[in-house]
Amino acid sequence: MLTPGAQPGTPAPRHTLSWPVFDAFARGAQDERTVLALRAAHLSRRLLLLRALLDEAGDLGGAHDAWDLLVAAQRRAPASTTAVLSHPPTGVWLARTLRRLRGDLDGPAPLEVEAGHLHAVAAAAAVRAGLEFTARVPVRRGTAALPSLGLAHVTGARRWDTAEVRRTAAGLRVGQVAVPEDPARDAPGWWGLRVLRAESAGLRLEVPLDDVDPYRDFRRPLLPARLPADEVARWRSLLRETWDLLVREQPDTARALRPGLLSLVPLHGTTVSASASDAFGCTALPRPHDPAEFAETLLHEFQHSTLHALHDLVPLHRDDGAARFCAPWREDPRPLAGLLHGAFAFTAVADFWRVRANRPGPDPRRRCARLAFAHHRSRVAAALDALHGEPGLTAAGVRLVDGVRERTESWRDEAVPPDVLAVAGTITGEHRARWRLRHARPAAERTAELARAWLAAPAPHAPATRVPDHVNEVARLPAADEPWISLALALRHREHDDTVLERPELVRAVYLEVRARSGRAPDVRALAGWLADR
């Protein structure tokens, strides 16, 4: 089997993390050595998937010829195959093609085209190794990709076709396209994979900005979407400023991030960033507005990448896939894995803003940093509470959650101005109320039982309210979500009353049941207070 840094046929390396290193990871003390270990483990997993692909594909698309070329590149220069196999889109392609070979996924491209991408992987490794060779690689709608290098525009090709890749002493050609000696440069018919570079305090970062690889998207193959030069210049400038910020404010985190950031994929038409378990080190994102937003996104997705790799080494959960948890950063119910990942990722985000909020000296943006810290701190606390005692976590998963909780415990004592804290509480409370109204469903039997008990008991005292407009809006639109959310927040701010905010779905359900049974609406304040004791 092909293994990084070894000759074919040698045993695969054994990857482990000691418990002290695991605990440090959970507490946010990732270092460069730990990230490199996780990256190496993920590469070994990718090699196992490659072996499985060969077993499944047989000789579909000439897979064994591609394998022979890949082995030759490995023998000549092991780092060449490591570079191409570590390229995030290679992982996406491997996982996708295996699912297609096993009948779990369909796609517009013929299966032999997807399986034939192994030739492109092998050719890219051979180019990096300095081999002279000839191979044929897939062509998709006139484009032929060499992973980690770039993409050629092949004229006269059919929608699904192949093109010859030839490397001789005279140079490299893909079809009729002459590839420049430095493949990162553009040339007629060739788009190189451009690399962004930044340096601060002697710490250097290099990361490709991938707008050409067909497997750069985590869901489906894409055609190239070449960024114009001025847009690339904006990304380059923004990365330099972001890297300077990270090195200056969180130097240890910046050192750990370097080996865990392998590619950036620019997104369009969305405000959401993404990462994927099959693409270690890849962050897909729209161009951020400023360095702080960029740094926050990189740290967030870096946490996801490393946690995916850790889960491959030591399972953290036995997720049944049921979406049943309230994640304070999502409007929809999430499975256990999603809640665990979010708690881990937003812990790093909260810490980023905590450091920014505590910088010495005057800072006109300190209030925004304090608000972001308070908001994310409350999100993480709520997620950790939901994860506490969750039977779907393994022993390692429990240990991870305990480590995150230990990391965040001291944050509770960090002072945040009361007005900022109130705004953060409003944001968190509104999300929780909306989520519960949409997704939490009280049992019908319990709702009916409570309604009967309310109607049978003497009517409790109805306290005077300073939010009559909100009460009236609930009476007018009792089945809608927004009147209840507005009422719950108004009661919190004006009367320091959280009885509606805590269980809005139950208050609404019993309110509607009482009204249906008696023909009149109960006093919502009195009902909420009565339900708080039950």
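Residues numbered from 1 in each chain as written. Predicted model: local features only at pLDDT ≥ 70, side-chain atom pairs only at ≥ 80, totals over all residues. Heavy atoms only, no water.

Looking at this model, I keep getting lost on the nonpolar core. Mind explaining?
One recurring pattern in soluble globular proteins: nonpolar side chains tend to sit buried together. Residues Trp243, Leu264 and Leu400 are the most contacted members of the largest nonpolar core, which totals 69 residues. When residues of this core are assigned to their parent elements, the largest contribution, eleven residues, is made by helix H10 (residues 336–357). The two domains that each donate at least three residues to this core are domain 1 (19–264) and domain 2 (321–416). With 54 residues, the next largest nonpolar core counts Val71, Leu101, Ala135 and Trp190 among its residues. (Core = buried A, V, L, I, M, F, W, Y, C linked by side-chain atoms within 4.5 Å. Buried < 20%, exposed > 50% of the residue type's maximum accessible area, 1.4 Å probe, protein only. Helix = DSSP H or I, 4+ residues; strand = E, 2+ residues; numbered from the N terminus. Domains from an automatic or database assignment.)

What exactly am I supposed to notice about the packing of aromatic side chains here?
The description of an aromatic ring pair uses the distance of the two centres, along with the angle that the planes make with each other. Throughout the structure, instances matching the rule amount to eight aromatic pairs. Between Trp235 and Phe294 the ring centres are 5.9 Å apart and the planes differ by 80°, which places this aromatic pair in the edge-to-face class. Of this pair, Trp235 sits in helix H7 (residues 229–249) while Phe294 sits in helix H9 (residues 291–313), placing them 59 residues apart in sequence. By relative accessible area, which is 1% here, Trp235 ends up buried. Given the relative accessible area of 0%, Phe294 is considered buried. Look at Trp484 and Tyr511: their rings are 5.4 Å apart centre to centre, the planes differ by 85°, and that puts the pair in the edge-to-face class. One end of the pair, Trp484, is in helix H16 (residues 481–495); the other, Tyr511, is in helix H18 (residues 504–518), and 27 residues separate them in sequence. In this pair, the class of Trp484 matches that of Tyr511, namely buried. The positively charged end of Arg51 is found above the aromatic ring belonging to Trp67, 5.8 Å away from the centroid. Across the ring face of Phe346, the terminal group of Arg379 is positioned such that the distance to the ring centre comes to 5.0 Å. (Phe/Tyr/Trp six-rings, centres within 6.5 Å; stacked < 30°, edge-to-face > 60°. Lys NZ or Arg CZ within 6 Å of the ring centre and 35° of its normal.)

I would appreciate a short explanation of the domain arrangement of the chain in the present structure.
Interface size is commonly expressed as the accessible area that is lost once the parts come together. For the chain, the assigned domains are domain 1 (19–264), domain 2 (321–416) and domain 3 (441–532). For domain 2 versus domain 3, the separation of C-alpha centres amounts to 31 Å.

Mind showing me how you'd approach the pairing of strand E3 (residues 150–153) here?
The two faces of a sheet get side chains in turn, since along a regular strand they alternate between them. By the bridge criterion, four bridges tie strand E2 (residues 143–146) to E3 in an arrangement that is antiparallel. Residue pairing across strands places Leu146 opposite Gly150, the latter belonging to E3. Hairpin connection of E2 to E3: three residues between the antiparallel strands, including Ser148 at a positive phi of 80°. Across three bridges, E3 lies against strand E7 (residues 190–192) in antiparallel orientation. Across the sheet, residue Gly150 finds its bridge partner in E7, namely Gly192. (Pairing = 2+ DSSP bridges.)

Explain the packing of helix H13 (residues 418–439) against H18 here, please?
The geometry of a pair of packed helices is captured by two quantities: the angle between their axes and the separation between those axes. Closest axis-to-axis distance for the H13/H18 pair is 8 Å, and the angle between their directions is 50°. Classified by the angle between their axes, H13 and H18 sit oblique to one another. Between H13 and H18, the residues in contact are Ala433, Arg436 and Leu437 and Pro504, Glu505 and Arg508, respectively. (Axes fitted to C-alpha atoms, helices over the stretch in contact; angles between N-to-C directions. Parallel < 35°, antiparallel > 145°, perpendicular 65-115°, else oblique. Contact = heavy atoms within 4.5 Å.)

What is the right way to look at the pattern of salt bridges in this model?
Scanning the model with the defined rule gives 47 salt bridges in all. Close ionic contact of Asp320 with Arg324 constitutes a salt bridge, the shortest N to O distance being 3.2 Å. Among the residues examined, Asp320 registers a relative accessible area of 58% and is labelled exposed. Its salt-bridge partner being Arg354, residue Glu414 comes within 3.2 Å of it at the nearest N-O pair. Within this pair, whereas Glu414 is found in the loop between helix H12 (395–409) and H13, its partner Arg354 is found in helix H10, the two being separated by 60 residues in sequence. Note on Glu414: relative accessible area 21%, which makes it partly exposed. (Salt bridge = Lys/Arg side-chain N within 4 Å of Asp/Glu carboxyl O.)

Help me understand the pairing of strand E5 (residues 171–174), please; the structure alone is not making it clear to me.
Burial along E5 is one-sided: the residues Leu172 and Val174 are buried and none of Gly171 and Arg173 is. Across four bridges, strand E4 (residues 160–168) lies against E5 in antiparallel orientation. Bridged to Thr168 within E5 is Gly171. In this sheet, strand E6 (residues 177–179) lies alongside E5 in antiparallel orientation, the contact comprising three bridges. From the neighbouring strand, Val174 faces E6, where its bridge partner is Val177. Linking two consecutive strands that pair antiparallel, namely E5 and E6, is a turn of two residues; a positive phi of about 60° is found at Gly175 within it.

Explain the environment of Leu487 here, please?
Mapping Leu487 onto the fold places it in helix H16. Between the alpha carbons of Leu487 and Asn472 there is a distance of 9.6 Å; along the sequence they are 15 residues apart. In this structure Leu487 touches Val467, His470, Val471, Val474 and Val524, once residues within four positions along its chain are discounted.

Even after reading the chapter, I still don't get unusual backbone geometry, so can you show me in this structure?
Peptide bonds are, in most cases, trans, and in most cases residues other than glycine have a negative phi. Of note, the phi angle at Ser148 is positive, near 80°, even though the residue is not glycine. One can find Ser148 in the loop between E2 and E3. A relative accessible area of 12% places Ser148 in the buried class. Positive phi, close to 50°, is recorded for Ala201, a residue that is not glycine. With respect to the element layout, Ala201 can be found in the loop between strand E8 (194–200) and strand E9 (203–209). On the basis of relative accessible area, Ala201 is assigned to the exposed category, the value being 78%.

Before we go on, may I ask you to explain the side chain of Asp213 in this structure?
Here Asp213 is to be found in the loop between E9 and H7. Despite its burial, Asp213 remains without a salt bridge, the nearest opposite charge being carried by Arg216 at 6.4 Å. (Lys, Arg positive; Asp, Glu negative; His and termini not counted.)

Where do I start with helix H6 (residues 111–129) in this structure?
Given 3.6 residues to a turn, an α-helix orients residues that are three or four positions apart in the same direction. Taking 1.5 Å of rise per residue, the 19 residues of H6 would be expected to cover 27 Å, and the 28 Å separating its terminal C-alpha atoms lies within 8% of that figure. Extensive coverage of H6 is indicated by the burial of 16 of its 19 residues. Remark: Gly130 follows H6 within two positions and exhibits a positive phi of approximately 80°. (Expected span 1.5 Å × (residues − 1).)

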